[in-house]
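# A closer look at the structure
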Amino acid sequence: MLDPKQITAVILAGGEGRRMQGADKGLLGLWDKPLVAHVLKRLTPQVATVIINANRNQQHYRQYAPVISDSLAGFAGPLAGFEAGLSHAPSEWVLFVPCDSPLVPTDLAERLCAAISHPGQIAVVDDGSRLHAATALLHQSLLPSLNDYLEGGDRKLQLWFARHEVLTVDFSDQAEAFTNLNTPEALAQLEKTGEE
């Protein structure tokens, strides 16, 4: 089995935050800490290294972990973050997790690693009702394919995934762990539930 302690995790914090009125989501507060700090706390014990993909407020993010930015301009979405992560990670395997998922499972890396049998595969989280395509484990050998796709002007994650062998990993036992805080209402709702 692929050893989670040999992989890099990249926290995707490079988005525009459109549904959050343009806020930098990773820096929004939850239980007196920014969202990125919650994700970092859960990922750090699971992997060798954690990097943050951010396109603004980089200085702020550097307080938490090394920061990389998209090479594509204009907030090009999760695939631009994938490209940055695969280009800069010190390991061959890279786990991507959005910054707005502060409750990611403490066994996320282990379970995704267990699903993988060769570098051409992409392991993606399935919570039992939907795919969380931006929470995925990829090998650096997929970078040329990703670059070709992005150069063609496409940005849809699922369309690029369709070119590869995607393994859906069942996390229906922890579906609530993948709550995406895409709106101020969702953030306020989780805040009310009390600390993790």
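Before any of the text, the structure's been laid out above.
Residues numbered from 1 in each chain as written. Predicted model: local features only at pLDDT ≥ 70, side-chain atom pairs only at ≥ 80, totals over all residues. Heavy atoms only, no water.

## Here's the deal with the overall build of the protein
Stated formally: Counting from the N terminus, the helices are the DSSP runs of H or I reaching at least four residues and the strands are the DSSP runs of E reaching at least two. For the radius of gyration, the atom set is restricted to C-alpha positions; the globular benchmark scales as 2.2 Å times the number of residues to the power 0.38. For every residue, the accessible area obtained with a 1.4 Å probe (protein chains only) is divided by the maximum for its type, and the residue is called buried under 20%, exposed over 50%, and partly exposed between those limits. Whether two residues are in contact is decided by their heavy atoms: any pair within 4.5 Å suffices. Computed with the Shrake-Rupley method and a 1.4 Å probe, the accessible areas treat only the protein chains shown as cover for residues. For this count, His and the chain ends are skipped, Lys and Arg are scored as positive, and Asp and Glu as negative. Here the site of a charge means NZ on Lys, CZ on Arg, CG on Asp, or CD on Glu.
A tally of helices and strands in the protein yields seven helices and nine strands. Over its C-alpha atoms the protein spans a radius of gyration of 15 Å, differing by no more than 12% from the 16 Å that the globule rule assigns to 196 residues. Its C-alpha atoms give the protein principal-axis dimensions of about 40 × 35 × 30 Å. In the protein, which comprises 196 residues, the share counted as buried stands at 52%. At a minimum sequence separation of 6, the contacts of the protein that also span at least 24 residues come to 73%. Total accessible area on the protein is roughly 8800 Å²; 49% of this is exposed by carbon and sulfur atoms. The distance from the centre of the 15 positive side-chain charges to the centre of the 23 negative ones in the protein is 5 Å.

## Describing the packing of aromatic side chains
Inclusion rule: Here a pair means two rings of Phe, Tyr or Trp (six-membered ring of Trp) with centres within 6.5 Å. Their orientation is stacked below 30 degrees between planes, edge-to-face above 60, and tilted elsewhere. Sitting over a ring, as applied to charges here, requires NZ of Lys or CZ of Arg to be within 6 Å of the ring centre and within 35 degrees of the ring normal.
The final tally for this structure, using the stated rule, is four aromatic pairs. Between W160 and F161, the aromatic rings sit 6.0 Å apart at their centres with planes inclined by 45°, giving tilted as the arrangement. Exposure class is identical for W160 and F161. Each is buried. Through successive ring pairs, a cluster of aromatic residues spans F82, F96, W160 and F161. Here the guanidinium or amino end of R111 rests over the ring plane of F171, the centre of that ring lying 4.1 Å away.

## With respect to the nonpolar core
Using the following cut-off: Each nonpolar core is a collection of buried residues, namely Ala, Val, Leu, Ile, Met, Phe, Trp, Tyr and Cys, held together in the definition by side-chain atoms within 4.5 Å.
Grouped together as the largest cluster of nonpolar side chains are 34 residues, with contacts concentrated most on L43, L95, L108 and L137. Contributing elements (two or more residues each) for this core: β1 (8–13), α1 (35–43), β4 (49–54), β6 (93–98), α4 (108–115), β7 (121–126) and β9 (165–170). Contacts of L43, omitting those with residues within four sequence positions, involve A9, I11, V50, L95, V97, V104 and L108. Within the second largest apolar cluster, 25 residues are counted, among which are I122, V124, L146 and L157.

## A look at α4
Note the cut-off: Throughout, the arc means that of the directions going from the helix axis to the C-beta atoms.
All of the buried residues along α4 are L108, A109, L112 and C113. What you see down the axis of α4 is that its buried residues fit within an arc of 120°, all on one side.

## Remarks on the sheet that holds β6
Under the convention used in this document: Two strands are counted as paired when DSSP detects at least two bridges linking them.
The strand order across the open sheet built from seven strands is β5-β4-β1-β6-β8-β7-β9, with neighbouring strands paired in mixed fashion. Only two strands of the sheet have a single partner each, and these edge strands are β5 (67–68) and β9. When β1 meets β6, the two strands line up parallel, connected through five bridges. Note on β6: the bridge partner recorded for V10 is F96.

## What to know about the pairing of strand β8 (residues 131–139)
Buried residues dominate β8, accounting for eight of its nine residues. Where β6 and β8 come together, four bridges link them in antiparallel fashion. Bridge pairing in β8 places F96 opposite A136. The sheet contact formed by β7 and β8 spans four bridges and is antiparallel. The residue of β8 that forms the bridge with V125 is H132. Counted between consecutive antiparallel strands, the loop separating β7 from β8 contains four residues, among which G128 sits at a positive phi close to 100°.

## Details of the side chain of Q174
Tracing the chain through its elements places Q174 in the loop between β9 and α7 (184–192). When neighbours within four sequence positions are excluded, Q174 is seen to be in contact with P105, D107 and R111.

## A few points about the pattern of salt bridges
Pairing is possible between side chains of opposite charge, provided their charged atoms come close. Heads up, the rule is: Just to be clear on terms, a salt bridge is a Lys or Arg side-chain nitrogen sitting within 4 Å of an Asp or Glu carboxyl oxygen.
Inspection of the entire model under this criterion finds two salt bridges. Between D107 and R111 there is a salt bridge; the shortest N-O distance is 3.3 Å. We note a salt bridge from R111 to D173, for which the minimum N-O separation is 2.9 Å. Taken as a pair, R111 in helix α4 and D173 in the loop between β9 and α7 lie far apart in primary sequence, 62 residues in all.

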